[in-house]
Amino acid sequence: MELLSHLADGFATSLSPLNLMIVLIGVTAGLFIGAMPGLGSVNGVAIVLPLTFIVPPNSAIILLAAIYYGAMYGGAVSSILLGIPGASTAVATTFDGRPMAQQGKAGLALIAAAVASFVGGTISVILFTLFAVPLADIALAFGPAEEFALVLMAFTTFVGLGGDDVLKTIVMICLGLVLSTVGLDLISGQPRLIFFDQPGFYSGISFLVLAIGVYGIGEVLYTIETSKTAPTVTAAKITMRELGHGLREMNRLWKTMSLGSFLGFFVGMLPAAGATPAALMSYGVAKSISKKGKNFGKGEIEGVAAPETANNAASTGSLLPMLTLGIPGSPTTALLLGGMVMWGLVPGPMLFIEQPDFVWGLISSLYTANLAAVLVNIALIPLFVWALRMPFTVLCSLVMVLCIVGGYAPSQKMHDVWLIAGFGVAGYLLRKADYPLAPLVLALVLGPLMEKSFRQTLIAEQGNVLAFVERPISGTFMAIAALFFVLPLIKYIRRSGKKTVAPAE
């Protein structure tokens, strides 16, 4: 009953006229951001984040969460109509969504994507509501040692589960940690890494500057280089008859959508995973257990429903560790975490006690954002088709201007603008060299927390390093972190063993 009471209070916040308008604006903006190739939820949140200072923190996080939700819906639009995923989270949707569009079923594919996203979002928000308080209660037992071990585990999951080149992932984490130490020392107050006594570095490097640089400017530069020709847009229109047919088709896929929702939610909770692997895993599982598995990749509606339920469920799942533990589950939630810190809010278990209006307002807004997203998505499909015909040069110029203005507005320092330009070029070069950018942003956000908890533990334990493994919770996290760190080596040894075994004569 207490849970329902908290949720009712949250709806009183999220259904206020201001927040309801913000949800609609955020969802609509997110849908267009997600539908535009080269943008996606990370870039959208990074670009819009500076604008949130004009509204209260409660409304700001609701706006960003709505953009995040909308972008997850919108990614399917360009996947189906263009054959180009709006973001990596919609890659699996292209496998069957694009063939359906080429067969004249673009409307049905878009309806399937919207309904599946709604189902995945709804189930995951319910799970989020049920798991948030118990997880926050467990987290109340955390001290500095547990915080350090948890952050270390978050980094090692990128190494063990990230799927990227292990050495490059470690390099990016280390680079992010180095950047997080720029500024004044946490304990002594002495300046560190201020690059020839540059005044702008005394306040450190803002995660917002880094995020706008690598995900905004860098992504635009990379997309300009890789987009040789303008892709053709498949025409799509939604009639009431087609809508009814689509809903009947989706009704028989409830097992696939339920499985994708649960799988996506729990995969999304892992710091290194997020929506992209969740969608690919759901697609693979659906293909293996479906009676029509042989038709996957040829325009099967089930191949659209499976990844779309999973990626929307994962986007909600990644919010859970961010709010309860202060550990983001995806690059986008890392930006949300940084935004909360900028607004004076400290993510973690105490947030549920000290700021219940904020927490439950956000949770309840996910319900309204999910409903608004599916309605706006279906209603604006003709507009999406028109917007995707926008000249790419116009879109790139618009994003560039938003990045520069967004980076300058919070601090009003040209120092940050030059940093954005530098990080943009660096992000472009790193992307060309196939270096993952998510570990870099995550390390910059979590680096100060990791350093603070590490030094607090050593001061309290008088330099006893074994304190991290002697405490039950931190020791467990350290053991899991060690396992994730050596997991790639175990996989390599197993693959090498299989290659050296000669076939039987």
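Going by the annotation in an unreviewed UniProt entry, the name recorded for the chain is Tripartite tricarboxylate transporter permease, with Thalassococcus profundi given as the source organism.

Describing the overall build of the chain
For the chain, the helix and strand inventory stands at 23 helices and two strands. Sorting the 505 residues of the chain into buried and exposed places 54% on the buried side. In the chain, the proportion of contacts linking residues at least 24 apart, taken out of those at least 6 apart, comes to 79%. Here the chain displays about 21,900 Å² of accessible surface, and carbon together with sulfur accounts for 69% of that area.

Observations concerning the packing of aromatic side chains
Following the criterion strictly, the structure yields six aromatic pairs and no others. For the ring pair Phe-131 and Phe-266, a centre distance of 5.9 Å and an interplane angle of 85° mean the geometry is edge-to-face. With Phe-131 in helix H6 (residues 106-139) and Phe-266 in helix H11 (residues 254-268), this residue pair connects regions lying 135 residues apart in the sequence. Assessed through its relative accessible area of 37%, Phe-131 is described here as partly exposed. Here Phe-266 falls in the partly exposed class, since its relative accessible area comes to 39%. Between Phe-454 and Phe-468 the ring centres are 5.5 Å apart and the planes differ by 5°, which places this aromatic pair in the stacked class. Pair noted here: Phe-454 is in helix H21 (residues 438-460) and Phe-468 is in helix H22 (residues 467-470), with a separation of 14 residues, a long-range link. Overall, Phe-468 belongs to the buried group, its relative accessible area being 3%.

Things to note about the pattern of salt bridges
Between side chains of opposite charge, pairing is possible as soon as their charged atoms come close. With the rule as written, the count across this model stands at five salt bridges. Two residues, Arg-192 and Asp-185, come together in a salt bridge whose shortest N-O distance is 3.2 Å. Owing to a relative accessible area of 10%, Asp-185 belongs among the buried residues under this scheme. For the salt bridge of Arg-455 with Asp-185, the shortest nitrogen-to-oxygen distance reads 2.9 Å. Here Arg-455, found in helix H21, pairs with Asp-185, found in the loop between strand S1 (183-184) and strand S2 (191-192); they are 270 residues apart in sequence, far enough to count as distant. Several salt bridges share partner residues, and in doing so they unite Asp-185, Arg-192, Glu-451 and Arg-455 into one network.

What about the side chain of Thr-457?
With respect to the helices, strands and loops of the structure, Thr-457 is situated in helix H21. The exposure class assigned to Thr-457 is buried, which follows from its relative accessible area of 5%. Look past the residues within four positions of Thr-457 in its chain and what remains in contact with it is Pro-144, Ala-145, Ala-467 and Phe-468.

Remarks on helix H17 (residues 356-379)
For H17, built from 24 residues, the straight-helix expectation of 34 Å at 1.5 Å per residue is met to within 8% by its first-to-last C-alpha distance of 34 Å. The buried fraction of H17 amounts to 18 of the 24 residues, a majority that puts the element mostly inside the structure.

Structural notes on a nonpolar patch on the surface
A cluster of nonpolar residues, Leu-483, Phe-485, Val-486, Leu-489, Ile-490, Tyr-492 and Ile-493, forms a patch on the protein surface that exposes about 680 Å² of accessible area. Note that Tyr-492 resides in helix H23 (residues 472-500).

Brief notes about the packing of helix H4 (residues 57-81) against helix H15 (residues 331-342)
Axis separation between H4 and H15 bottoms out at 11 Å; the angle between their running directions is 170°. When the axis of H4 is compared with that of H15, the two are roughly antiparallel. Here Ile-61, Leu-64 and Tyr-68 of H4 come into contact with H15, specifically with Thr-332, Thr-333, Leu-336 and Met-340. Residue composition of the contact of H4 with H15, grouped by class: five nonpolar, two polar and no charged.

Observations regarding the side chain of Thr-368
Relative to the helices and strands, Thr-368 resides in helix H17. When its relative accessible area of 14% is taken as the criterion, Thr-368 is described as buried. Dropping the residues within four chain positions of it, Thr-368 is found in contact with Phe-11, Leu-15 and Val-23.

Examining unusual backbone geometry
Outside of glycine, negative phi angles account for most residues, and trans bonds account for most peptide bonds. Although it is not a glycine, Leu-193 adopts a positive phi angle of roughly 50°. Within the fold, Leu-193 resides in the loop between S2 and helix H9 (207-226). One non-glycine residue, Gln-462, lies in the positive phi region at around 55°. Counting through the fold element by element, Gln-462 comes out in the loop between H21 and H22.

Quick notes on the nonpolar core
Residues Val-27 and Met-340 are the most contacted members of the largest nonpolar core, which totals 112 residues. Those residues within four positions of Val-27 in sequence are excluded, and the remaining contacts are Ala-66, Gly-70, Ala-369, Ala-372, Ala-373 and Val-376. With 23 residues, the next largest nonpolar core counts Ala-106, Ala-109, Leu-110 and Val-304 among its residues.

Rules used throughout
Residues numbered from 1 in each chain as written. Predicted model: local features only at pLDDT ≥ 70, side-chain atom pairs only at ≥ 80, totals over all residues. Heavy atoms only, no water. Helix = DSSP H or I, 4+ residues; strand = E, 2+ residues; numbered from the N terminus. Buried < 20%, exposed > 50% of the residue type's maximum accessible area, 1.4 Å probe, protein only. Contact = heavy atoms within 4.5 Å. Areas by Shrake-Rupley, 256 points an atom, 1.4 Å probe, with all protein chains shown as cover. Phe/Tyr/Trp six-rings, centres within 6.5 Å; stacked < 30°, edge-to-face > 60°. Salt bridge = Lys/Arg side-chain N within 4 Å of Asp/Glu carboxyl O. Expected span 1.5 Å × (residues − 1). Patch = residues over 30% accessible without salt bridge, like charges linked within 9 Å, V, L, I, M, F, W, Y side chains within 5 Å. Axes fitted to C-alpha atoms, helices over the stretch in contact; angles between N-to-C directions. Parallel < 35°, antiparallel > 145°, perpendicular 65-115°, else oblique. Nonpolar A, V, L, I, M, F, W, Y, C, P; charged D, E, K, R; others polar. Core = buried A, V, L, I, M, F, W, Y, C linked by side-chain atoms within 4.5 Å.

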